[in-house]
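These are the residues of each chain, in order.
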Amino acid sequence: MADPVRKIKTIAVQDVTRQALAWPARLLFPPVCAGCHRHVSQPGVLCGACWPKLRLLEKPWCPVMGTPFIHDMGEGFLSAEAIADPPPFERARAAVVYSGVARQMVQGLKYRDRTDLAPWMANWMMRAGAELIAEADLVVPVPLHWRRFFRRQFNQSAELGRAVAKLGGLPFSPSAIRRVKLTRQQVGLERHEREENVRAAFRVQPDAEIEIAGRRVLVVDDVYTTGATVRAVAKALKRGGAGAVDILTFARVLPGDFRPDESATI
C-alpha cells in the first residue's frame, strides 16, 4: 500500500515547483484584469471595479433560448421568441450579457489576438451550459471562411470551443463543418440581412458525416446576437445527419437590445 504521507509530500513539492517555475513569467508578464488591464493577483480574473459590471445570465430562463425571465414562470414555460420563431436547434445558452466588460473581452479575443482569454471565458461558459455539456457528444465551433482565417490566423470560436471541450472532456471537431460562402461582416446588418447573409453558408464535410451522424452536437461561438449564424450552422448540421444541436456562447445580446447601427455590436 502506498504511503499516504509520502504521497502528500510529493504533491506539495510538485505544487511548490509549479509555483516557482511560474514566477519568471509572472515577473515578465504580470497578470492583468481581462476588462481594464489593471494588475490582478492571477490571470483570467477581473478586478474589483470590473467584476460588478459583468452581468451573468442566471435561471430562471427560457428552456429553449436561454433568455432570462424576470420571474420564475414555471416548468417548461417558453419565451415569446421561442414560440414565435422556433429555432432549428434544441437549446441555446450563454454565460453573460453582451455589454460592458463582456463586450471588451469578446472584442479583445476577436480583434486584438487575446487568445489567452479563451480558457477563462470558457470557464464561465461551462457554468451556463452545464446541462448541454453533460449531454453533448462532441463540440463543433462556428467556422471562419478560409480567406478570413488566413488574414486573422485564428478562429475565436475555435479557441473557445477547444477550451470548452477540454474542460468538459468532450471530443473537439473544428473541421466537421465548413464555411463555404465568404459572407459579409454581420456588423451593421439588419436581422433579415444577417439571415440572408449566412443562408447556405455552411456545409458538413463529407468525411465528418460519420462523426456527427445521430450525435448531439454542441456548437460554440463567441456571441449570440440575432442567432442568424448559429441557426444556419444548426441547419447544416441537421442536414449532415446530426441527431440534435445545442448552442453555447460566451455572450448574448438580449432581445430588445439589438441595434444594427451600433458599431460595437457584433
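The present account deals with the structure reproduced in this document. The structure presented is a predicted model; accordingly, all values stated were derived computationally and were not measured. (Residues numbered from 1 in each chain as written. Predicted model: local features only at pLDDT ≥ 70, side-chain atom pairs only at ≥ 80, totals over all residues. Heavy atoms only, no water.)

1. Topic: the pairing of strand β5 (residues 216-224)
Here comes step 1: In terms of burial, β5 is largely enclosed, as eight of its nine residues are buried.
Here comes step 2: As judged from the four bridges shared by strand β2 (residues 138-141) and β5, these two strands associate in the parallel manner. Each residue of the ladder has a partner; that of Val140, found in β5, is Val219.
Here comes step 3: Both β5 and strand β6 (residues 244-252) contribute to a ladder of eight bridges, which runs parallel. Note that in β6 the partner of Leu218 across the bridge is Asp246. (Buried < 20%, exposed > 50% of the residue type's maximum accessible area, 1.4 Å probe, protein only. Helix = DSSP H or I, 4+ residues; strand = E, 2+ residues; numbered from the N terminus. Pairing = 2+ DSSP bridges.)

2. A look at the packing of aromatic side chains
Working definition: an aromatic ring pair is given by the centre-to-centre distance plus the angle between the planes.
Here comes step 1: Within the structure shown, the criterion is met by three aromatic pairs.
Here comes step 2: Judged by centre distance (5.8 Å) and plane angle (75 degrees), the rings of Phe69 and Phe77 are edge-to-face.
Here comes step 3: According to the relative accessible area criterion, Phe77 is partly exposed, its value standing at 37%. (Phe/Tyr/Trp six-rings, centres within 6.5 Å; stacked < 30°, edge-to-face > 60°.)

3. Re the side chain of Arg231
Here comes step 1: Of note, Arg231 is situated in helix α10 (residues 228-239).
Here comes step 2: Among the residues examined, Arg231 registers a relative accessible area of 12% and is labelled buried.
Here comes step 3: Ignoring sequence-local partners within four residues, the contact set of Arg231 consists of Asp85, Pro86, Pro87, Pro88, Phe89 and Tyr224. (Contact = heavy atoms within 4.5 Å.)

4. Re helix α3 (residues 100-111)
Here comes step 1: When the terminal C-alpha atoms of α3 are compared, their 16 Å separation across twelve residues agrees well with the 16 Å that a helix rising 1.5 Å per residue should span.
Here comes step 2: Among the residues making up α3, those that are buried are Val101, Ala102, Met105, Val106, Gln107, Gly108, Leu109 and Lys110.
Here comes step 3: Remark: Asp113 follows α3 within two positions and exhibits a positive phi of approximately 55 degrees. (Expected span 1.5 Å × (residues − 1).)

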